[in-house]
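# Structural features, examined
What follows is the residue order along each chain.
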Amino acid sequence: MSGEVTVTGFGVRTAFGTGAEALRRGVFAGVPSFAPTTRFDTGPYRTPMAAAAPDGPDAVEDWALRHALAQCGTDAVGMAGLPAGTEAAVLLGVAGDHTSVTRYWRGAAGSLPSAPREMPYGNRGPSVAGRAHAAQPQMSQPRAPEGARYRGEFDRLRSAAASVPGHGSGTDANRTAEQVADAVPTGRPGGDVGEAAERLADAVPAHLAELLAEGLGLVGPRLTFTNACVASAAAIIHACRLISSGRIDVAVCAGGYLVEEETFGKFDSGRALSRDGMVRPFSLDRSGLLLGDGVAAVVLESAEHARRRGARPLATVVGWGAATDAHHIAQPHPEGVGLARAARQALRLAGDPDGAALGYVNAHGTGTKYNDGAETRGLRAAFPQRAESIPVSSTKGTTGHLLEAAGVVEFVITMLALTDGVLPPTAGFTRPDPECDLDYVPNQPRQADPRRALTINAAFGGANTALVLERP
Amino acid sequence: MTTTENTEKTEKSEKAEKAEKTVLRSALGVLATATATHGTGRDDDIPLPRLPGFVESAFSPLAYEVSRQCLTERPGDGSRTAVALAGLMGDTTTADLASRRMVSGRVHNPLLFMQATANSVLGHTSREFGITGQMVSLSTLDDPVTELLAMADLLLEDPELDRVLVLGVELGGDERGDAAVPPAEVPQPSSGDAPRGRLAAVYRELAAGSGRPVPVLPARAGLAAAMLLGRPDTGAPVTVRSAETTYDTGHDARDAAVAWHHGSIQGLFELAAAHRRLLRDGGSHLLVTEPQARRGPTAFVLTTDTEAPTQAHIAGSETETHAHQ
């Protein structure tokens, strides 16, 4: 490795809100953010639950992916102090904004004779979500506040972020999130017709990367990763390779997913969603995942470049790895073979093949039967002498599964664990599972002093990624 | 702006331009290439190969077919092989089919869930050929040939990798995927012959102001192309390397009209065709990509020689540019 890779800025947004404080209040406190979503009619599906910011029926419009990416990108480059015009790569992990596609087909269907809607699991729409709750005693009560209150919370967070030196959108060469959002087109002459067509293009992942880069005013290569739940982790790994090999000095890596019906329906059809309204990673009672809103951006920079311009490194990325299971199109290898290989690569690159310096692992931990046991065995294979003594947690028990954004949001969470000296718990943990036999930091945060941490992700097709971070 | 600032900016721009144009740090060995088309009307169209678990769409069967051809022609160590797949927006046939089912009130088909991401067919390929290196799927607006070669160049610096399979897939419209009656709020072309529907609207939006065409691939059509790449010392008879700048070609294609639509994989097809010709006839071939939004064209030299091509080589070689000047 010829160049050290540092992190000099980040922006993050989940169902808890925007910024590090929202993560501390939710993820690090072990508070699940699941509630019946009102973004669409959940009646046809087995569960109404998701970790979606409950800011009203127009939430998907308000949370349009391009705007959320712009917000997080602005926060990240603002924290890093990168001026507009910087030559920086923009690497994005995203599947595109499906809401416009759904809207298109809904509009087309509206032009045709309509068919009666199938309700294979009973009509259990949002209006009767409370009854669904009551019928399932294990389901938690929604912890998230109601729409108006929550929207107010977003506003408060934005103002607070802008007023804190070195954090948020107010620090970068007088650029604000609103200005970047303005630079990212939100509509155009022609009214609804123009805007509908424009939003259709947001379904093209590479288009979102172009919008983000243009909005941030960054000059440099752009590349969009679409490989499902490792997409943004793959973007970070790609940036690390580009920087460490001296090809580029700076990269903004981002990822985003916002809960919408299209993906929700697909996961429901695959029977992947939790049956009890909670995500319980590594717990005997786990029954599946739930989807969650997640968007984040990080600024990665060569240490030399950061030093030259006086930027403060928040953390260093000292190792990375990626490997494939070669096992199944949708299930992980039962022994976590690819995950172990990716982790070993990352640890070797970090100069710590045994994981001796690791103080925390942020696991993929989806809360599915298949993943969590395989991941446990993979971690044991990666560092057999150390696995039982390293705290491991999955933060999906609070945020839900963020799909393409999981890698970058969990990268930020892992970095905060290092800098804050607090390990986020595995929320929703009830009873130990004999096949999941590591220290999962159940339900309560833990004070710790880790110097290095590993964050892991896995995806459809058997893709696995691993990143090792080190605090300054 | 001061003179010094001007100079600095110019130097920076030149540096950036040169860095962007020299895509490959090292030469790459072209171990195998493959192309496959379905439903395009070409003479060499193939029926879709049956791929268990993948239904309705040409995306995954074509991706698998070109991968299979390359990996069968040049078997190797799967544990030292990586894969990168590129396309504009993935499997649009599956995406639209799933959307239409959903809005018409029908439940999702679990098979559509399985094949919803390109990762799935890559996972299938990796299982068939024991590939355990990294697999990546990308969305690219422009012809992915440049991004895929750059990706292979970067990945092959990893001492744990010897080979990178790169592939691109492009789908046409779909008579069941494009709305018979498009929503009123999405503008449609006035000409009755022009492509209609969701995908055509996306292409028109992406191409607004750039002069790029909207593709006219028939419904249900698909194309895929793949290259298996390694370092030149792996015994590849043909190598590909970056031309220093496009000026080496003796012409500047930056101002040339862009002939291909967004998401076209024509460059991969031309590279595969050049590879076949060089295997047969020897010599060198200059491939100039289409100009992209933020940079001019990039140029690659394919050669059967292991030595760097000289200007004489290039001058005497066959030159192909997407720009069709």
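## Structural notes on the overall build of chain B
Helices and strands together make up the secondary structure of chain B, namely 9 helices and 9 strands. Residue burial in chain B is summarised as follows: out of 325 residues, 58% are buried. Intrachain contacts of chain B at a sequence separation of at least 6 include 80% that bridge at least 24 residues. Looking at chain B as shown, the accessible area adds up to about 12,500 Å², and 51% of this sits on carbon and sulfur atoms.

## Looking at the overall build of chain A
For chain A, the count of helices and strands is 16 helices and 15 strands. Long-range contacts, defined as pairs at least 24 residues apart, comprise 80% of the intrachain contacts of chain A with a sequence gap of at least 6. Looking at chain A as shown, the accessible area adds up to about 14,900 Å², and 53% of this sits on carbon and sulfur atoms.

## Considering the side chain of Lys396 of chain A
Residues and elements named next belong to chain A. Structurally, the position occupied by Lys396 is in helix α15 (residues 396-399). From its side chain, Lys396 meets the backbone oxygen of His364 in a polar contact 2.6 Å long. Beyond its immediate stretch of four places on either side in the chain, Lys396 contacts Phe34, Val279, Ala363, His364, Gly365, Thr366, His401, Ala406, Glu410 and Asn457.

## Describing unusual backbone geometry
Note: most peptide bonds trans; most residues except glycine with negative phi. Residue and element names in this part refer to chain A. The backbone of Ala228 sits at a positive phi, close to 50°, despite the residue not being glycine. Examined against the element boundaries, Ala228 turns out to sit in the loop between β6 (222-225) and α10 (231-244). Positive phi, close to 50°, is recorded for Leu403, a residue that is not glycine. Tracing the sequence through the fold places Leu403 in the loop between α15 and α16 (406-420).

## Some remarks on helix α13 (residues 337-349) of chain A
Residues and elements named next belong to chain A. A rise of 1.5 Å per residue sets the reference length of α13, with its 13 residues, at 18 Å; its end C-alpha atoms lie 18 Å apart and thus fit the reference within 8%. Three or more residues of α13 are buried, namely Gly338, Leu339, Ala340, Arg341, Ala342, Ala343, Gln345, Ala346 and Leu347. Against β9 (315-324), β10 (358-362), α14 (369-382), β14 (452-459) and β15 (463-470) lie the buried residues of α13. After α13 finishes, the residue Gly351 shows a positive phi value of roughly 75°.

## Topic: the packing of α10 of chain A against helix α6 (residues 145-155) of chain B
For any two helices packed against each other, one specifies the inter-axial angle together with the distance between the axes. Two elements in contact, α10 of chain A and α6 of chain B, have axes separated by 11 Å at closest approach and are oriented at 70°. If you check the angle between α10 of chain A and α6 of chain B, you find them roughly perpendicular. Taken as a pair, α10 of chain A and α6 of chain B cross one another with a handedness that is left-handed. Residues His238, Arg241 and Leu242 of chain A of α10 of chain A form the contact with α6 of chain B, whose participating residues are Met151, Leu154 and Leu155 of chain B. In terms of residue class, the contact of α10 of chain A with α6 of chain B is built from 4 nonpolar, 1 polar and 1 charged.

## Quick look at the side chain of His401 of chain A
Residues and elements named next belong to chain A. As for its placement among the helices and strands, His401 is situated in the loop between α15 and α16. For His401, a relative accessible area of 3% translates into the label buried. Excluding anything up to four places from it in sequence, His401 contacts Cys229, Leu289, Leu290, Leu291, Gly292, His364, Thr366, Lys396 and Ala406.

## Remarks on the layout of surface pockets
The computed volume of the second largest pocket comes to approximately 680 Å³. Lining of the second largest pocket is provided by 33 residues; of these, Ala272, Leu289, Ala330, Thr368 and Tyr370 of chain A occupy positions nearest its centre. Those elements giving two or more residues to the lining of the second largest pocket turn out to be α14, β14 and β15 of chain A together with α4 (110-114) of chain B. In terms of residues, the lining of the second largest pocket owes the most to one element, α14 of chain A, which gives 3 residues.

## Structural notes on empty space enclosed by the protein
A complete count under the given rule lists 6 cavities of 30 Å³ or more for this structure. Within this model, the largest cavity holds a volume of roughly 710 Å³. At the level of elements, α4 (99-110), β7 (250-257) and α11 (261-269) of chain A together with α2 (59-73), β2 (81-87), α3 (92-103) and β3 (135-139) of chain B are the ones that each hand at least two residues to the lining of the largest cavity. Grouping the constituent residues of the lining of the largest cavity by class yields 25 nonpolar, 16 polar and 7 charged. For the second largest cavity, the calculated volume is near 100 Å³. Phe59, Gly87, Leu88, Met89, Gly90, Thr92, Val169, Glu170, Leu171, Leu199, Tyr203 and Gly263 of chain B are the residues that line the second largest cavity. At the level of secondary structure, the elements contributing two or more residues to the lining of the second largest cavity comprise β4 (163-171) and α7 (197-207) of chain B.

## What about helix α5 (residues 118-129) of chain B?
For α5 of chain B, with 12 residues, the first-to-last C-alpha span of 17 Å sits near the 16 Å given by 1.5 Å per residue. Counting buried positions over the 12 residues of α5 of chain B gives 9, a clear majority of the element.

## Side note on the packing of aromatic side chains
Residues and elements named next belong to chain A. Summed over all chains, the structure comprises 6 aromatic pairs over all chains. Note on Phe282 and Tyr440: the rings are 4.2 Å apart at their centroids and 10° apart in plane angle, and the pair reads as stacked. On the criterion of sequence distance, the pair formed by Phe282 in the loop between α11 and β8 (294-302) and Tyr440 in the loop between β12 (422-423) and β13 (446-447) is long-range, its members being 158 residues apart. Judged on exposure class, the residue Phe282 and its partner Tyr440 are both buried. Ring pairing ties together the aromatic residues Phe40, Tyr45 and Phe264, which thus form one cluster.

## So, the nonpolar core
In a soluble, globular protein the nonpolar side chains are often hidden away together inside. Counting residues in hydrophobic clusters, the biggest one holds 89 residues, and the most contacted among them are Phe10, Val298 and Leu300 of chain A together with Leu149 of chain B. Excluding anything up to four places from it in sequence, Leu149 of chain B contacts Leu24, Leu28, Met227, Leu229, Val240, Leu271 and Phe300 of chain B. Counting 71 residues, the second largest nonpolar core, distinct from the first, contains Ala50 of chain A together with Val83, Met102 and Ala118 of chain B.

## Points about the pattern of salt bridges
A side chain with one charge may pair with a side chain of the opposite charge, provided their charged atoms come close. Under the counting rule described, the total for this entry stands at 39 salt bridges over all chains. For Asp433 of chain A, the salt bridge identified is with Arg286 of chain A, shortest N-O distance 2.7 Å. With Asp433 of chain A in the loop between β12 and β13 and Arg286 of chain A in the loop between α11 and β8, this residue pair connects regions lying 147 residues apart in the sequence. For the pair Asp433 of chain A and Arg286 of chain A, a shared accessibility class is recorded, and that class is buried. Here Glu157 of chain B makes a salt bridge to Arg25 of chain B, at a shortest N to O gap of 4.0 Å. Here Glu157 of chain B is found in the loop between α6 and β4, whereas its partner Arg25 of chain B is found in the loop between α1 (3-21) and β1 (28-38), with 132 residues between them in sequence. Taking the relative accessible area as the measure of exposure, Glu157 of chain B reaches 35% and is therefore partly exposed. Using a relative accessible area of 46% as the deciding quantity, one classes Arg25 of chain B as partly exposed. Three or more residues joined by partner-sharing salt bridges are found here, namely Arg286, Glu335, Asp372, Arg377, Asp433 and Glu435 of chain A.

## Notes on the pairing of strand β8 (residues 299-303) of chain B
Residues and elements named next belong to chain B. In terms of burial, β8 is a largely internal element, 5 of the 5 residues being buried. Judged by which residues are buried, β8 turns out to be covered on both faces: Ala299, Val301 and Thr303 on one side and Phe300 and Leu302 on the other are all buried. Pairing of strand β6 (residues 238-242) with β8 involves 4 bridges; the strand directions are antiparallel. Bridging from a neighbouring strand, Thr239 pairs with Thr303 of β8. Alignment of strand β7 (residues 284-288) against β8, held across 5 bridges, turns out to be antiparallel. Residue pairing in the sheet places Leu287 in a bridge with Phe300 of β8.

Rules of the game
Residues numbered from 1 in each chain as written. Chains lettered and ligands numbered in written order. Predicted model: local features only at pLDDT ≥ 70, side-chain atom pairs only at ≥ 80, totals over all residues. Heavy atoms only, no water. Helix = DSSP H or I, 4+ residues; strand = E, 2+ residues; numbered from the N terminus. Buried < 20%, exposed > 50% of the residue type's maximum accessible area, 1.4 Å probe, protein only. Contact = heavy atoms within 4.5 Å. Areas by Shrake-Rupley, 256 points an atom, 1.4 Å probe, with all protein chains shown as cover. Polar contact = N/O pair within 3.5 Å; in protein donor to acceptor, adjacent residues only side chain to side chain. Expected span 1.5 Å × (residues − 1). Axes fitted to C-alpha atoms, helices over the stretch in contact; angles between N-to-C directions. Parallel < 35°, antiparallel > 145°, perpendicular 65-115°, else oblique. Left-handed = near helix turned anticlockwise from the far one by under 90°. Nonpolar A, V, L, I, M, F, W, Y, C, P; charged D, E, K, R; others polar. 1 Å grid on protein atoms, 1.4 Å probe; cavity = no way out; pocket = protein on both sides within 12 Å on 5 of 7 lines; lining within 4 Å. Points joined across faces, edges and corners; volume = space filled by probe spheres on them. Phe/Tyr/Trp six-rings, centres within 6.5 Å; stacked < 30°, edge-to-face > 60°. Core = buried A, V, L, I, M, F, W, Y, C linked by side-chain atoms within 4.5 Å. Salt bridge = Lys/Arg side-chain N within 4 Å of Asp/Glu carboxyl O. Pairing = 2+ DSSP bridges.

Functional significance is not addressed by these values, which are geometric in nature.
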